[in-house]
Amino acid sequence: MAKKPSQKWKLYEVKDGKVTRKNRFCPRCGPGVFMANHKDRWTCGRCGYTEWKK
Ligand SMILES: [Zn+2]
């Protein structure tokens, strides 16, 4: 069985030679824990932290 390739690249986007993060880190869990990008909010699947978009 082939090993699944890393999916980390999906979280990054290259624009004009600069790498920008698509997702945000959870302020509670710290770097490494990404928050899910919803239409009107960011949520952390680990601690449940929610940040509403303005
Ligand atoms: Zn969290």
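Residues numbered from 1 in each chain as written. Predicted model: local features only at pLDDT ≥ 70, side-chain atom pairs only at ≥ 80, totals over all residues. Heavy atoms only, no water.

Student: Sorry, what's going on with the coordination of the zinc ion here?
Tutor: The reference angle at a metal is 109.5 degrees if four donors form a tetrahedron and 90 or 180 degrees if six donors form an octahedron. With distances of 2.3 to 2.4 Å, the protein atoms coordinating the zinc ion are C26 (SG), C29 (SG), C44 (SG) and C47 (SG). Coordination at the zinc ion comes from four donor atoms whose angles at the metal span 105 to 114 degrees, giving a geometry best classed as tetrahedral. In terms of primary sequence, the donors binding the zinc ion are separated according to C-x2-C-x14-C-x2-C. Residue C26 is located in strand β3 (residues 25-26), and its partner C44 is located in strand β5 (residues 41-44); the two are separated by 18 residues in the primary sequence. (Donors = N, O, S within 2.8 Å, 3.2 Å for Na, K, Ca; no water. Tetrahedral: all angles 85-135°; square planar, octahedral: opposite > 155°, others 65-115°. Helix = DSSP H or I, 4+ residues; strand = E, 2+ residues; numbered from the N terminus.)

Student: When you look at the pairing of strand β4 (residues 30-37) in this model, what are you seeing that I'm missing?
Tutor: Put simply, side chains in a regular strand alternate between the two faces of the sheet. In this sheet, β4 lies alongside β3 in antiparallel orientation, the contact comprising two bridges. Each residue of the ladder has a partner; that of C26, found in β4, is G30. Between the end of β3 and the start of β4, which pair antiparallel, lie three residues. Relative to β5, β4 runs antiparallel, the two sharing three bridges. The partner of A36 across the bridge, within β5, is T43. From the end of β4 to the start of β5, which pair antiparallel, there are three residues. (Pairing = 2+ DSSP bridges.)

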